[in-house]
Amino acid sequence: MGRGPAPLIMESVWDVYPDEEGGASPDSDPPRPTDPQERRKRGRDGDGGGASSSRPDDDVSVGGNQRGSRARVKTAGEYGPIAIASTSSGLGNASDATDLDLAGDLPSDTLATVLLLRTSFPPNLPMCPLVIKSHIYSIVSDRTAVDRQLEELNRRNKVRIIKLSSDRADYGVVLWEDYSRAVDGCKEGRSGLEKGLLDWFLGTLVSQTTHCYVDDSRIDSELLAFLRRRGESRGEALKAAKESCVTLLVRCGLLTRRMSMHGGYWLSIPNIGIFVKSLRAGRKQLAGIVKRRRRCEILQWDLEKMKLPKKTTLGMKYHLRDAIGSGFFDQIETTCGPLLRAANKKEKL
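Analysis parameters
Residues numbered from 1 in each chain as written. Predicted model: local features only at pLDDT ≥ 70, side-chain atom pairs only at ≥ 80, totals over all residues. Heavy atoms only, no water. Helix = DSSP H or I, 4+ residues; strand = E, 2+ residues; numbered from the N terminus. Buried < 20%, exposed > 50% of the residue type's maximum accessible area, 1.4 Å probe, protein only. Contact = heavy atoms within 4.5 Å. Areas by Shrake-Rupley, 256 points an atom, 1.4 Å probe, with all protein chains shown as cover. Core = buried A, V, L, I, M, F, W, Y, C linked by side-chain atoms within 4.5 Å. Pairing = 2+ DSSP bridges. Axes fitted to C-alpha atoms, helices over the stretch in contact; angles between N-to-C directions. Parallel < 35°, antiparallel > 145°, perpendicular 65-115°, else oblique. Left-handed = near helix turned anticlockwise from the far one by under 90°. Nonpolar A, V, L, I, M, F, W, Y, C, P; charged D, E, K, R; others polar. Phe/Tyr/Trp six-rings, centres within 6.5 Å; stacked < 30°, edge-to-face > 60°. Lys NZ or Arg CZ within 6 Å of the ring centre and 35° of its normal. Salt bridge = Lys/Arg side-chain N within 4 Å of Asp/Glu carboxyl O. Polar contact = N/O pair within 3.5 Å; in protein donor to acceptor, adjacent residues only side chain to side chain.

### What about the overall build of the chain?
Here comes step 1: Within the chain one finds eleven helices and nine strands.
Here comes step 2: In the chain, which comprises 349 residues, the proportion classed as buried is 49%.
Here comes step 3: By sequence separation, contacts in the chain at least 24 residues apart represent 69% of the contacts at least 6 residues apart.
Here comes step 4: Summed over its atoms, the accessible surface of the chain is roughly 17900 Å², and 50% of this surface lies on carbon and sulfur atoms.

### Some words on the nonpolar core
For soluble globular proteins, the rule of thumb is that nonpolar side chains tend to be buried together.
Here comes step 1: Of all hydrophobic cores here, the largest spans 47 residues; its most connected members are Leu 130, Leu 164, Tyr 179, Phe 201, Ile 269 and Phe 275.
Here comes step 2: Those elements giving two or more residues to this core turn out to be α5 (176–185), α6 (192–206), α7 (216–229), α8 (235–251), β6 (265–267) and α9 (272–291).
Here comes step 3: Within the second largest apolar cluster, 19 residues are counted, among which are Leu 111, Leu 115, Val 146 and Ile 161.

### Looking at the sheet that holds strand β3 (residues 171–175)
Here comes step 1: Spatially, β1-β3-β2 is the arrangement adopted by the three strands of the open sheet, whose pairing is antiparallel. Only two strands of the sheet have a single neighbouring strand rather than two, namely β1 (131–132) and β2 (159–163).
Here comes step 2: In this sheet, β3 lies alongside β2 in antiparallel orientation, the contact comprising five bridges. Pairing of Ile 162 across the sheet is with Gly 172, part of β3.
Here comes step 3: The strands touched by helix α2 (residues 109–118) are β1, β2 and β3; relative to β3, the strand with the most contacts, the crossing angle is about 90 degrees.

### A few points about the packing of α6 against α7
Here comes step 1: Relative orientation of the contacting elements α6 and α7 amounts to 130 degrees, with a least axis distance of 12 Å. Between α6 and α7, the angle falls in the class oblique. In this structure, the crossing between α6 and α7 has a hand that is right-handed. Side by side, α6 and α7 meet where Gly 196, Leu 197, Trp 200, Thr 204 and Leu 205 of the first sit next to Arg 218, Ile 219, Glu 222, Leu 223, Phe 226 and Arg 229 of the second.
Here comes step 2: Partitioning the contact of α6 with α7 into residue classes produces six nonpolar, two polar and three charged.

### Focus on the sheet that holds β6
Backbone hydrogen bonds hold the strands of a sheet together, and the pairing may be parallel or antiparallel.
Here comes step 1: An order of β4-β6-β5 is seen for the three strands of this open sheet, with the pairing classed as antiparallel. Looking at strand neighbours, the two that pair on one side only are β4 (213–214) and β5 (255–257), the edges of this open sheet.
Here comes step 2: Looking at chain direction, β4 and β6 are connected through two bridges and run antiparallel. In the sheet register, Tyr 213 faces β6, and the bridge partner there is Trp 266.

### Topic: the packing of aromatic side chains
The geometry of an aromatic ring pair comes down to the distance between the two centres and the angle between the two planes.
Here comes step 1: What the rule picks out here adds up to six aromatic pairs.
Here comes step 2: For the cation-ring pair, Arg 258 lies above Tyr 213, with the distance from its terminal atom to the ring centre recorded as 3.8 Å.

### Overview of the pattern of salt bridges
Here comes step 1: In total, this model carries 13 salt bridges according to the counting rule given.
Here comes step 2: Residue Arg 118 is joined to Asp 178 by a salt bridge in which the shortest nitrogen-to-oxygen separation is 2.7 Å. On the criterion of sequence distance, the pair formed by Arg 118 in helix α2 and Asp 178 in helix α5 is long-range, its members being 60 residues apart.
Here comes step 3: According to the relative accessible area criterion, Arg 118 is buried, its value standing at 10%.
Here comes step 4: Arg 257 is paired through a salt bridge with Asp 216; the nearest N and O atoms lie 2.9 Å apart. One end of the pair, Arg 257, is in strand β5; the other, Asp 216, is in helix α7, and 41 residues separate them in sequence.
Here comes step 5: Accessibility expressed as a relative area gives 26% for Arg 257, which makes it partly exposed.

### Side note on the side chain of Asn 154
Here comes step 1: Tracing the backbone shows Asn 154 in helix α4 (residues 143–155).
Here comes step 2: At a separation of 2.9 Å, a polar atom in the side chain of Asn 154 contacts the main-chain carbonyl oxygen of Thr 210.

### Describing the side chain of Thr 113
Here comes step 1: Along the chain, Thr 113 falls in helix α2.
Here comes step 2: Excluding residues within four positions of it along the chain, Thr 113 makes contact with Ile 136, Ile 139 and Val 140.

### Some thoughts on the pairing of strand β8 (residues 329–334)
Here comes step 1: Sheet topology note: the β8/strand β9 (residues 337–342) ladder contains six bridges and is antiparallel. Opposite Glu 333, over in β9, you have Pro 338 as the bridge partner.
Here comes step 2: Taking the residues that link successive antiparallel strands as the turn, the β8-β9 hairpin has two residues.

### A word on α2
Every α-helix winds through 3.6 residues per turn, so residues three or four apart in the chain are directed the same way.
Here comes step 1: Burial analysis of α2 places seven of its ten residues in the buried class, which makes it a mostly covered element.
Here comes step 2: Residues of α2 that are buried include every one of Thr 110, Leu 111, Thr 113, Val 114, Leu 115, Leu 117 and Arg 118, and no others.

### Things to note about the pairing of β3
Here comes step 1: Within β3, five of the five residues are buried, which leaves the element mostly enclosed by the surrounding structure.
Here comes step 2: On β3, burial covers both faces: Tyr 171, Val 173 and Leu 175 on one face and Gly 172 and Val 174 on the other are all buried.
Here comes step 3: In this sheet, β3 lies alongside β1 in antiparallel orientation, the contact comprising two bridges. Bridging from a neighbouring strand, Val 131 pairs with Val 173 of β3.

By themselves, these observations are geometric and do not establish any function.
So, in structure tokens, the structure goes:
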């Protein structure tokens, strides 16, 4: 069997392959097969878990109680405020006195904007607070500086960049403290080995990853090294334990398979599919409101007074900021206030 195409080295965290612009969501349903025999086979095999549908051997303890034992995910409002000093330490101790040296470690414009926008995230969503990049663009006009500063913050483990599974190239930004607490929340009801796996995932794998995905070769090699340190050395048992570890991380919502010929896994956060579903529904509703207007334009204060359907839990102001930051609207100053006009009347929001 011939080898597949050699993987390309991505120079930037924003680089993605053309065939994976939409990404994949850990909480979204996989595509349903149309063939009846395939549907029956899928029913026998179970949900597949997104990484591997094979079940580990009985002597492998990792992931043995995965079904029906998913830990409760905290809502965004339960994460509480984040101090500016804590964002300067990355993996270090946030209470260290050096963090209080504001003269040497003031947050950048992008980090300050992320801290500000974090407070406007809907508190009732069962996930950690997340800021989408289009919201940052709506406040900081220099988009090149935003991309550069976000990439640097991601490299220094002050934030974690998440690729969203929307219908366009969307990215979410999560503060490292929030991301760490989301990973720690997955430990509830887990065994000691599974807790050690989650500690390894956060402290070794993610903290040393500068992109928003992990290659198959890297996660395989580092997982095997982790399992050998834990005393697992047999060939077949080691392979089964590795697959079980990946399946556990996928079912926790921390990894999601890249639907691409290049393979690998996107880094993710638990329950992000709920957010993406609401984001896409709200965008569709907002685009419909504006495109039904004459010349596809509306005063901003008129639009802010409208309400979106209940299935869009993010609210009108949230989607309005997203549309402005993503360039869907052109803002025109008038004597009656800002006028919003669809930048491209044929473009989907």
